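Below are the chains, spelled out letter by letter.
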Amino acid sequence: MKNKSIRLCVAGATGAVGKALLSILYSKGFPVENIYALASSRSAGQKIPYGKNKIEVLNIANFDFSQAKIGLFSAGGSVSAEYAPKAARAGCIVVDNTSHFRMHPDVPLIVPEVNKKNIVDYQKTGIIANPNCSTIQMVVALKPIYDAVGIERVNVATYQAVSGSGKKAIDELDQQVHQITQSQPLSKPQVYAKQIAFNCLPHIDVFLENGFTKEEMKMVNETKKIFSDDSIQVNPTTVRVPVVYGHSEALHIQTKEPISASQAKQLISQAEGVILMDDPSTNTYPTVLDAAHEDQVFVGRIRQGLSHPNELNMWVVADNIRKGAATNAIQIAEELISNYL
């Protein structure tokens, strides 16, 4: 980045992603001149950590966005819908982590390892969208394959952590595990439709008329937009699993041209933002424990498919709070500082 300091605000600073944003900004030595932590009136006045210091949470409703040059938003879709345009009009470039603006035709949807050239389009609205967490890790893994031989279709099954549903979901999993292991009566689920402890739920977000869930259709539509390629066919099943942090994905890819597993491993080993862990002889493959608190996407179990000559299979893991949300937003902010501000 250029040697300059930026006035920055974090909206939703008291949430899981907001806290991660502040932690990563500090640990990376992000060039902050002033930093403002924003949240609702309920949280205003609290003191929250920023490195070794404490900063006061301000009420987003009263904040003058002209005080910030970049705003990292992770406070929910309705908050972004109201305040992101206000911030942009005040000259604060918004990187929004909600789904509200992702498919807006004038808002770029950015994963820096994949399509950072499209960041320039922020000038249309002053807003940049952060993709869905499950989409981000998938497209980072797909990028080197896409560039080399093209991709016709992706069948993907996700195994997504409860932290993707927020703190209440983490608490619900903890409570259910405790009740089951202590032989106590199980409380009625509040966050999920069914028990999540020791279970897998093929149900993330609401069901749509086509039988897919909203989460699944996010992966379909966002992948096309990120690659600027409507020809890519994505067929997803998203599953919530009793893991606290970290999403896993099984990808089955049909490429346009043949590629061997060894060639794919070589490409992925050299890809930006990816760590290859792939040696079956030593049981080397990534799990969410490998990805925890890390900013890269981890890939393993790369192998030829059995049903099509141009088919590849792989296993993809990432920390959904970091690369799936906070880290990706900060990488976008770094690109803004380096090339546009």
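For the structure itself, consult the block above.
Remember, it's a predicted structure, so these values are computed and weren't measured experimentally.

Peer 1: Account for the overall build of the protein, naming residues and giving values.
Peer 2: Counting its regular elements, the protein contains nine helices and 13 strands. Relative to its length of 341 residues, the protein is compact, with a C-alpha radius of gyration of 20 Å against a globular reference of 20 Å. If you line up the protein on its principal axes, its C-alpha atoms span 60 × 55 × 45 Å. For the protein, with 341 residues in total, the buried portion stands at 52%. Of the side chains in the protein, 33 bear a positive and 32 a negative charge, and the two mean positions are spaced by 5 Å.

Peer 1: Describe a nonpolar patch on the surface, listing the residues and the values that go with them.
Peer 2: On the surface, a cluster of nonpolar side chains totalling about 280 Å² of accessible area is made up of Ile180, Leu186 and Phe198. For Leu186, a relative accessible area of 36% translates into the label partly exposed.

Peer 1: Requested: an account of unusual backbone geometry, with residues and values cited.
Peer 2: Positive phi, close to 55°, is recorded for Phe198, a residue that is not glycine. Relative to the assigned elements, Phe198 resides in the loop between α5 (167-181) and α6 (214-227). In this structure Phe198 comes out as exposed when scored by relative accessible area, which is 58%. Positive phi, close to 70°, is recorded for Asp205, a residue that is not glycine. Mapped onto the elements, Asp205 comes out in the loop between α5 and α6. With relative accessibility at 32%, the residue Asp205 sits in the partly exposed group.

Peer 1: Which residues make up the packing of aromatic side chains, and what are the values?
Peer 2: Enumeration according to the criterion identifies seven aromatic pairs in this entry. Pairing Tyr159 with Trp315 gives two aromatic rings, centres 5.6 Å apart and planes at 40°, and the pair type is tilted. Of this pair, Tyr159 sits in strand β8 (residues 151-160) while Trp315 sits in strand β13 (residues 311-318), and the two are 156 residues apart along the sequence. On the accessibility criterion, Trp315 (24% relative accessible area) is partly exposed. An aromatic cluster is built from Tyr36, Phe63, Phe65 and Phe73, whose rings are joined through pairwise contacts.

Peer 1: Before we move on, could you go through the packing of helix α4 (residues 133-149) against α6 and cite the residues and values that matter?
Peer 2: Contact geometry of α4 with α6 gives a least axis separation of 10 Å together with a crossing angle of 40°. Viewed along their axes, α4 and α6 adopt a mutual orientation that is oblique. The handedness of the crossing between α4 and α6 is right-handed. Contacts from Ser134, Thr135, Met138, Val139, Leu142, Lys143 and Tyr146 of α4 reach α6 at Glu215, Lys218, Met219, Glu222, Thr223, Ile226 and Phe227. Tallied by class, the residues present in the contact of α4 with α6 amount to seven nonpolar, three polar and four charged.

Peer 1: Give a description of the environment of Ile170 that names residues and reports values.
Peer 2: Within the fold, Ile170 resides in helix α5. Note on Ile170: relative accessible area 15%, which makes it buried. When near neighbours in sequence (up to four residues on either side) are disregarded, Ile170 contacts Val162, Ser163, Val244 and Tyr245.

Peer 1: So what's going on with the sheet that holds strand β1 (residues 6-11)? Which residues, and what values?
Peer 2: Across the sheet, which stays open at both edges, the seven strands sit in the order β3-β4-β2-β1-β5-β6-β7 with mixed pairing between neighbours. In this open sheet, the two edge strands, each paired with only one partner strand, are β3 (47-50) and β7 (127-129). Along the sheet, successive strands turn relative to each other by an average axial angle of 30°, direction set aside. In terms of strand pairing, strand β6 (residues 93-96) meets β7 through three bridges, oriented parallel.

Peer 1: Lay out the side chain of Thr135 in plain terms, naming residues and giving numbers.
Peer 2: Examined against the element boundaries, Thr135 turns out to sit in helix α4. Each residue touching Thr135, except ones within four places of it in the same chain, is listed here: Lys218, Met219, Glu222, Thr223 and Ile226.

Peer 1: So what's going on with the packing of α4 against helix α9 (residues 322-339)? Which residues, and what values?
Peer 2: Two elements in contact, α4 and α9, have axes whose closest approach is 8 Å; the angle formed by their N-to-C orientations is 85°. Classified by the angle between their axes, α4 and α9 sit roughly perpendicular to one another. From α4, Cys133, Ile136 and Val140 reach across to α9, where they touch Lys323, Gly324 and Asn328. Split by residue class, the contact of α4 with α9 holds three nonpolar, two polar and one charged.

Peer 1: Account for the nonpolar core, naming residues and giving values.
Peer 2: Among the nonpolar cores identified, the biggest contains 56 residues, and Phe65, Ile145, Leu251, Val299 and Met314 are the most heavily contacted of them. Among the elements that take part in this core, α4 stands out by supplying nine residues, more than any other. Excluding residues that lie within four positions of it along the chain, Leu251 makes contacts with Met138, Leu142, Val154, Asn155, Val156, Leu312, Asn313, Met314 and Val316. If you look at the next biggest cluster of nonpolar residues, it comprises 35 residues, including Ile48, Tyr122, Ile128 and Leu336.

Conventions and cut-offs
Residues numbered from 1 in each chain as written. Predicted model: local features only at pLDDT ≥ 70, side-chain atom pairs only at ≥ 80, totals over all residues. Heavy atoms only, no water. Helix = DSSP H or I, 4+ residues; strand = E, 2+ residues; numbered from the N terminus. Rg over C-alpha atoms; globule rule 2.2 N^0.38 Å. Buried < 20%, exposed > 50% of the residue type's maximum accessible area, 1.4 Å probe, protein only. Lys, Arg positive; Asp, Glu negative; His and termini not counted. Charge placed at Lys NZ, Arg CZ, Asp CG, Glu CD. Patch = residues over 30% accessible without salt bridge, like charges linked within 9 Å, V, L, I, M, F, W, Y side chains within 5 Å. Areas by Shrake-Rupley, 256 points an atom, 1.4 Å probe, with all protein chains shown as cover. Salt bridge = Lys/Arg side-chain N within 4 Å of Asp/Glu carboxyl O. Phe/Tyr/Trp six-rings, centres within 6.5 Å; stacked < 30°, edge-to-face > 60°. Axes fitted to C-alpha atoms, helices over the stretch in contact; angles between N-to-C directions. Parallel < 35°, antiparallel > 145°, perpendicular 65-115°, else oblique. Left-handed = near helix turned anticlockwise from the far one by under 90°. Contact = heavy atoms within 4.5 Å. Nonpolar A, V, L, I, M, F, W, Y, C, P; charged D, E, K, R; others polar. Pairing = 2+ DSSP bridges. Core = buried A, V, L, I, M, F, W, Y, C linked by side-chain atoms within 4.5 Å.

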